[in-house]
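Analysis of the macromolecular model
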Amino acid sequence: MSDIGYLESKEGDAQLGDYIALLKPRVMSLVVFTAFVGLVVAPVPVHPFVGFIAILFIALGGGASAALNMWYDADIDKIMRRTANRPIPAGRMTGGEALGFGLGLSGISCVMLALATNVFSGLFLAFTIFFYAVVYTIWLKRSTPQNIVIGGAAGAFPPMIGWAVATGGISVEPVAMFMLVFLWTPPHFWALALFMKEDYSNAGVPMLTVTHGRKSTRKHIFAYTLILAPIAIGTGFTSIGGPVYLAVALVLNLMFIQGAWRILKRDEAAAQADSYKVEKRVFYFSLLYLFGHFAALLVEKCLDMMGVSQMFGWF
Amino acid sequence: MAITKDHELHKRRLTRNLGLGGALIAFCVIVFGLTIVKVKNGSMMQGFDHEPRVSMTPAVEPVK
């Protein structure tokens, strides 16, 4: 292309908003919050500025993997209504731009995290990006209906990275936080899949609702909430837990299981009759569920720092 | 009236140019901030290039 041709070409002239959309800001908020909690509840204090920079680059690393995801999935994004207006399928950006942006941001975020904190954290972030972009997006998303389960691992790594930023390693507590997000993701997304009439089948993505049917999806949601509950409550007995967390976890898990039970007991006719009222309620409750657990961990840390936990003999 | 005329390309790319500028400034602030924090948290620095380091020389007993 000549210089004049380049100047006159409007193709690929993305605006700043398109680059921000490429980072999936709403998903990033979960990454920021859980990584922040992982960093704060760790037993080693971190300088506030270093902590802020660490969270920033963990979030940018998550955003970079989202950009790589949008680059690879541009063909199916074009088919699905919900994603058709993303920068690449809408024609505001070329796939190459998104790929370059994603790869560049991945490199910067991992190197900067390693330099600002420790090499282990940088490598862990690199592994997380690889896991989401390659293992989930390229390999498993289009080949198995369990894609949500495995993809959930990528979203569950941030609290572990936050912990690694502070301590330089991994122990049972960050693994508990990982398991909490990992096991929460399937019932959260399948509840959404039940009431969102997505055209996944047209796009060739094997969603559980399509491959195994809605009845089976309801069973899966209930099974996962049952597996999730002991993990979530058990976290209360680790060094980051305490009475406040245990009380919150107990209430939230009972409510989540009750919601999943109601989903299990419904059939499609009843769900359609009231426009998936129960499924929608459980989906929105699942957001509160995750926020509540991590907020309770923060409260426990505050109580610990004020010496309240020791006063009541809790470790 | 401006003495130069902006090409239409500049208007089209205004937001991304501003974004890139903002990102570069933010990056400089981050590196500067990290340098300050790392230096402040670092171990004691000593500048004894052509004389014995005070911290490495044996303590001298005061003469009675």
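The structure this text deals with has already been given above.
These notes cover the structure that comes with them. (Residues numbered from 1 in each chain as written. Chains lettered and ligands numbered in written order. Predicted model: local features only at pLDDT ≥ 70, side-chain atom pairs only at ≥ 80, totals over all residues. Heavy atoms only, no water.)

1. Details of the overall build of chain A
Across its full length, chain A holds 17 helices and zero strands. In terms of its C-alpha atoms, chain A occupies a principal-axis envelope of roughly 75 × 55 × 25 Å. Residues counted as buried form 53% of the 315 residues belonging to chain A. If you sum the accessible surface of chain A, you get close to 13,900 Å²; carbon and sulfur atoms cover 70% of it. Between the mean site of the 22 positive side-chain charges and the mean site of the 18 negative ones, chain A shows a separation of 11 Å. (Helix = DSSP H or I, 4+ residues; strand = E, 2+ residues; numbered from the N terminus. Buried < 20%, exposed > 50% of the residue type's maximum accessible area, 1.4 Å probe, protein only. Areas by Shrake-Rupley, 256 points an atom, 1.4 Å probe, with all protein chains shown as cover. Lys, Arg positive; Asp, Glu negative; His and termini not counted. Charge placed at Lys NZ, Arg CZ, Asp CG, Glu CD.)

2. Concerning the side chain of A:Asn253
Here A:Asn253 shows up in helix α14 (residues 243–265). On the basis of relative accessibility, which here comes to 2%, the residue A:Asn253 falls in the buried class.

3. Some remarks on unusual backbone geometry
All names here are of chain A. Despite not being glycine, Lys24 has its phi angle at roughly 50°, a positive value. Among the secondary structure elements, Lys24 is positioned in the loop between α2 (16–22) and α3 (25–41). Relative accessible area serves as the criterion here: at 15%, Lys24 is assigned to the buried category. Here Ser275, not a glycine, exhibits a phi torsion of approximately 55°, which is positive. Assignment of secondary structure puts Ser275 in the loop between α15 (268–273) and α16 (277–305).

4. Observations concerning the interface of chain B and chain A
Contact with chain B, which involves 17 residues of that partner, is made by 22 residues of chain A. Interface area, chain B with chain A, both sides summed: about 1,600 Å², of which 61% is carbon and sulfur. By the criterion of area lost to chain A, the three top residues of chain B are B:Arg12, B:Arg16 and B:Leu34, representing 36% of everything that side buries. Viewed at the interface, chain A and chain B are joined by one salt bridge. Put simply, chain B and chain A have six residue pairs in polar contact (both at pLDDT 80 or more) between them. Contributions of two or more residues to the side of chain B that touches chain A are made by α1 (8–12) and α2 (14–41) of chain B. (Contact = heavy atoms within 4.5 Å. Buried area = accessible area lost by both parts, 1.4 Å probe. Salt bridge = Lys/Arg side-chain N within 4 Å of Asp/Glu carboxyl O. Polar contact = N/O pair within 3.5 Å; in protein donor to acceptor, adjacent residues only side chain to side chain.)

5. Examining the pattern of salt bridges
Should the charged atoms of two oppositely charged side chains come close, the side chains can pair. All names here are of chain A. In the structure shown here, the tally under the stated rule is 11 salt bridges over all chains. Taking the shortest distance from any N to any O, the salt bridge between Arg142 and Asp73 comes out at 2.9 Å. Pair noted here: Arg142 is in the loop between α7 (119–140) and α8 (147–156) and Asp73 is in the loop between α4 (48–72) and α5 (74–79), with a separation of 69 residues, a long-range link. As a salt-bridge pair, Glu268 and Arg214 come within 3.4 Å of each other at their nearest N and O atoms.

6. Comments concerning the packing of aromatic side chains
Residues and elements named next belong to chain A. In this structure the tally under the stated criterion is 18 aromatic pairs over all chains. A ring pair is formed by Phe157 and Phe178, whose centres lie 5.2 Å apart and whose planes are at 25°; its orientation type is stacked. Here Phe157, found in the loop between α8 and α9 (158–167), pairs with Phe178, found in helix α10 (residues 172–195); they are 21 residues apart in sequence, far enough to count as distant. Take Phe157 and Phe178: they sit in the same class, and that class is buried. With a centroid separation of 5.2 Å and 70° between ring planes, the pair formed by Phe283 and Tyr284 is classed as edge-to-face. By relative accessible area, which is 10% here, Phe283 ends up buried. (Phe/Tyr/Trp six-rings, centres within 6.5 Å; stacked < 30°, edge-to-face > 60°.)

7. Things to note about the nonpolar core
Residue and element names in this part refer to chain A. Residues Leu113, Leu180, Tyr289, Phe294 and Leu297 are the most contacted members of the largest nonpolar core, which totals 84 residues. If you tally residues by element for this core, the top one is α10, at 12 residues. Looking at which domains feed residues into this core, each of domain 1 (1–169) and domain 2 (171–315) supplies at least three. Every residue in contact with Tyr289, bar those within four places of it in the chain, is listed here: Leu180, Trp184, Leu228, Ala232, Leu252, Asn253 and Phe256. Ala67, Met70, Ala74 and Met93 belong to the second-largest nonpolar core, a separate cluster that totals nine residues. (Core = buried A, V, L, I, M, F, W, Y, C linked by side-chain atoms within 4.5 Å. Domains from an automatic or database assignment.)

8. A word on the layout of surface pockets
Of the pockets and cavities examined, the second largest pocket occupies roughly 740 Å³. Residue lining of the second largest pocket: 21 residues in total, with A:Phe101, A:Leu105, B:Gly19, B:Leu20 and B:Ala23 positioned closest to the centre. Looking at the lining of the second largest pocket, the elements that each hand over two or more residues are α2, α4 and α6 (95–116) of chain A together with α2 of chain B. (1 Å grid on protein atoms, 1.4 Å probe; cavity = no way out; pocket = protein on both sides within 12 Å on 5 of 7 lines; lining within 4 Å. Points joined across faces, edges and corners; volume = space filled by probe spheres on them.)

9. Examining α10(A)
Residues and elements named next belong to chain A. Here α10 spans 36 Å end to end across 24 residues, near enough to the 34 Å set by a 1.5 Å rise per residue. Roughly 30° is the biggest bend found in α10, and it falls at Thr185, with proline Pro186 one to four residues downstream. Burial within α10 is extensive, with 19 of its 24 residues counted as buried. (Expected span 1.5 Å × (residues − 1). Bend = angle between axes of the 7 residues up to and from the residue.)

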